[in-house]
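# Structural description and commentary
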Amino acid sequence: MSLKQEPEQALKTPGQAGEVALPDFKRRRRRFNYTPFLLLLPATLFLAIFFLYPMLQSFIIAFQDSQGGFTFDNIDTMVKDTNFGDALKYTLLFIVIIVPLQVVLALIMALVINTGLKWAGFFLYIWTIPLAISDLAAGIVWYSIFTNHGYINQILIQLGLTQTPIDFLSFENPTLVFVAVVIAELWRATAIVMVILVAGLQVIPRAYTEAAEVFGASPWQRLWHVTLPMLKPSLQVALILRTILAFQTFALVFALAGRIMPVLAGEAYKWYNDVRNVGVAATYALLILLLSLANTFIYLRFLNTKAEELA
Amino acid sequence: MAQIRLENIIKLFGKVAAVNNVSLTINDGEFMVLLGPSGCGKTTLLRCLAGLEIPDGGNIFISDQNVTEFSPRRRNIAMVFQNYAIFPHLTVYDNIGFGLKMKKFSKADIEKNVKRAATLLEVDKYLERHPAQLSGGQRQRVAVARAIAMNPAVLLMDEPLSNLDALLRMQMRAELKRLLQEIGATTVYVTHDQVEALSMGDRISVMKSGQIAQVDDPMKVYTDPANTFVGGFIGSPPMNFLVGEVVQSEGGLAVEIEGQRLPAPANLARMAGQKVTVGLRAENIEAGEVKDGPGLPTQVMVVEPLGSHLLLTTRIGGQSLKVVTPVDYPVSPDQPLWLRPDLNKLRWLDAQSGTLLNLN
């Protein structure tokens, strides 16, 4: 009898004496591994105490009247406030203008750094310096540049281009104020986008751009058809992070523009600190949260990289 | 029609010359293999040819046009990369059509060429897939199809088969050879695998330390290596090299190896009294137990059965000699063996420099 037939014979006689006992599957199951959960615990606790709890609290406060009952009054007060429309308008306008500007600028900076040219590393350090400065300090620095006796006006007067100082930061010129805020924020916060994009560029293997080059792609075509699509995951992260932070812009605007240019986060501060109405302040905070969520959802939805498109 | 001419190419990395004064002419439609161990400069030379590196010295001509400082896209070349470098974010169709799209071909032309290349490489069933959904072998085919879709005058291949498993590599080797014969593009193929080089190339350039050691057709490189490096690099097992001394004896000129004499050709007379290196291939040696005819007394050290034959490592004095025998040859370690080399197939090299002696 050949060896090959033996297992067949065994299969023909199931449930009979001599049947091989199945191993005890329960015993063979891998032991539950607690380590990952233990490692996650500190961060989870931190987020729960300092983020989740205050978030829930502000959610409750936003819908609470002074007696602790449920109300929509806070929303009503917020929406009917004279500054609400301006704050919403400026915040959205600010984001629509600053985010694309920063992404384009950061992309150019990241591409320069990624060339690997001699001074590229040096630029990385120079360009990231503003990241280390607090936004309020940055606002004050730019205030001293734009103000009536600031650096720009002094230079303009020295050059004889103007006799009297130009009032960049006045009620009469809200557009100029807005431009000043955009410039200051560009200076301050473009580097964070750049850092993310530099990291993203560095993981794209050189072989891809080389292949594109060999197959006839011009520098523009390489950027458009190879680099940008492969940078999409990083672009998505940068956009989400940058937009969320832009919704929270406050200190820099406050230092530069004061009440000339109201923004949502500034209104929340005003209602909390000046008006001392915690309910409306919480409602503003809630609005910022909802807008950020909606935005993130859009980015995730439309800049999604499918699993099969990854290397 | 594209002839490639490399003239005195030098490429430095820091102070190291990765390519050191290489001149080479590759004829139109020829399949030229650049073969050598890692670090010999073969890939750097190919990258210079592609325009991915600019040489520090020398000139590169494609079809009599000096392209030395041309960017890659102006050279009318296509390339297959070692790691394929097919774009993960594009479908197979868009990958194969990439070069044509960049060169602004019409949609109809792109489709025609993509379909043709995909059919040739049998990836026409996967055109809508992304590379991540393909096996290694299929990705490799897409990389070749992308190059072929361009109808390039010059096709460059950088170790295209090195990431495939042994069986797939052998299959792809034969398939590529047929395909490239069909296309007729001037091909430069970089590999460290001597079997690939021997089986595919019209000619082989064996490289060492940034220089070309020998350029010849595969059989010539195998049977008449220009020096001990080439002989030792090509062939499995590599060529045997025994050091001996040329002596005059009663029967004519002979070479004395470890006290044993073998007849030597008369035109070696000018070397009389000097040391020479004798090169002999393992398959050109006959093994026997009795001492009949000119041969060498050896002792068997290792017996390696390799399926189709036995590979014996034997020793004569302080030198070792590899021999192949039929698989059923009765032999065991430590036994004495009388080896009779085919005297017509001995090669004579300078004992100092290791270069082939000119016996004419």
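All values reported here derive from a predicted model rather than from experimental measurement.

## Remarks on the sheet that holds strand β13 (residues 260–263) of chain B
All names here are of chain B. Taking strand neighbours across the sheet as the criterion, the five strands line up as β13-β12-β11-β14-β20 in an open arrangement whose pairing is antiparallel. The open sheet terminates on both sides in strands that have one partner only, identified here as β13 and β20 (347–350). With direction set aside, neighbouring strand axes in the sheet form an average angle of 45 degrees. In the sheet, strand β11 (residues 240–249) pairs with strand β14 (residues 275–280) via six bridges, with the strands oriented antiparallel. In the strand pairing of β14, Gly244 is matched with Val276.

## Thoughts on a nonpolar patch on the surface
All names here are of chain A. On the surface, Phe32, Tyr34, Phe37, Leu38, Leu41, Leu45, Phe46, Leu47, Ile49, Phe50 and Phe51 cluster together into a nonpolar patch covering about 1300 Å² of accessible area. Assignment of secondary structure puts Phe51 in helix α3 (residues 35–62). You can call Phe51 partly exposed: its relative accessible area is 48%.

## Describing the packing of helix α11 (residues 219–247) of chain A against helix α14 (residues 278–302) of chain A
Residues and elements named next belong to chain A. Between α11 and α14, the least distance of the axes is 10 Å, while the angle of their chain directions is 165 degrees. Considering the angle they form, α11 stands roughly antiparallel to α14. Every pair of crossing elements has a handedness; the one defined by α11 and α14 is right-handed. Side by side, α11 and α14 meet where Gln236, Leu239, Ile240, Thr243, Ile244 and Phe247 of the first sit next to Ile288, Leu291, Ser292, Asn295, Thr296, Tyr299 and Leu300 of the second. Along the lines of polarity and charge, the residues of the contact of α11 with α14 split into eight nonpolar, five polar and no charged.

## Some words on the environment of Leu252 of chain A
All names here are of chain A. Looking at the element boundaries, Leu252 is found in helix α12 (residues 251–257). Taking the C-alpha atoms as reference points, Leu252 and Gly139, 113 residues apart in sequence, are found 4.2 Å from one another. The contact partners of Leu252, leaving out residues within four places of it in the chain, are Asp135, Ala138, Gly139, Val181, Ala184, Glu185 and Arg188.

## Regarding the environment of Asp292 of chain B
Residue and element names in this part refer to chain B. Checked against the element boundaries, Asp292 lands in the loop between β15 (285–288) and β16 (296–305). The partly exposed category is assigned to Asp292, whose relative accessible area is 38%. The sequence separation of Asp292 and Ala197 amounts to 95 residues, and the corresponding C-alpha distance is 38 Å. Asp292 has contacts with Trp338 and Arg340, leaving out every residue within four places of it along the chain.

Rules and cut-offs
Residues numbered from 1 in each chain as written. Chains lettered and ligands numbered in written order. Predicted model: local features only at pLDDT ≥ 70, side-chain atom pairs only at ≥ 80, totals over all residues. Heavy atoms only, no water. Pairing = 2+ DSSP bridges. Helix = DSSP H or I, 4+ residues; strand = E, 2+ residues; numbered from the N terminus. Axes fitted to C-alpha atoms, helices over the stretch in contact; angles between N-to-C directions. Patch = residues over 30% accessible without salt bridge, like charges linked within 9 Å, V, L, I, M, F, W, Y side chains within 5 Å. Areas by Shrake-Rupley, 256 points an atom, 1.4 Å probe, with all protein chains shown as cover. Salt bridge = Lys/Arg side-chain N within 4 Å of Asp/Glu carboxyl O. Buried < 20%, exposed > 50% of the residue type's maximum accessible area, 1.4 Å probe, protein only. Parallel < 35°, antiparallel > 145°, perpendicular 65-115°, else oblique. Left-handed = near helix turned anticlockwise from the far one by under 90°. Contact = heavy atoms within 4.5 Å. Nonpolar A, V, L, I, M, F, W, Y, C, P; charged D, E, K, R; others polar.

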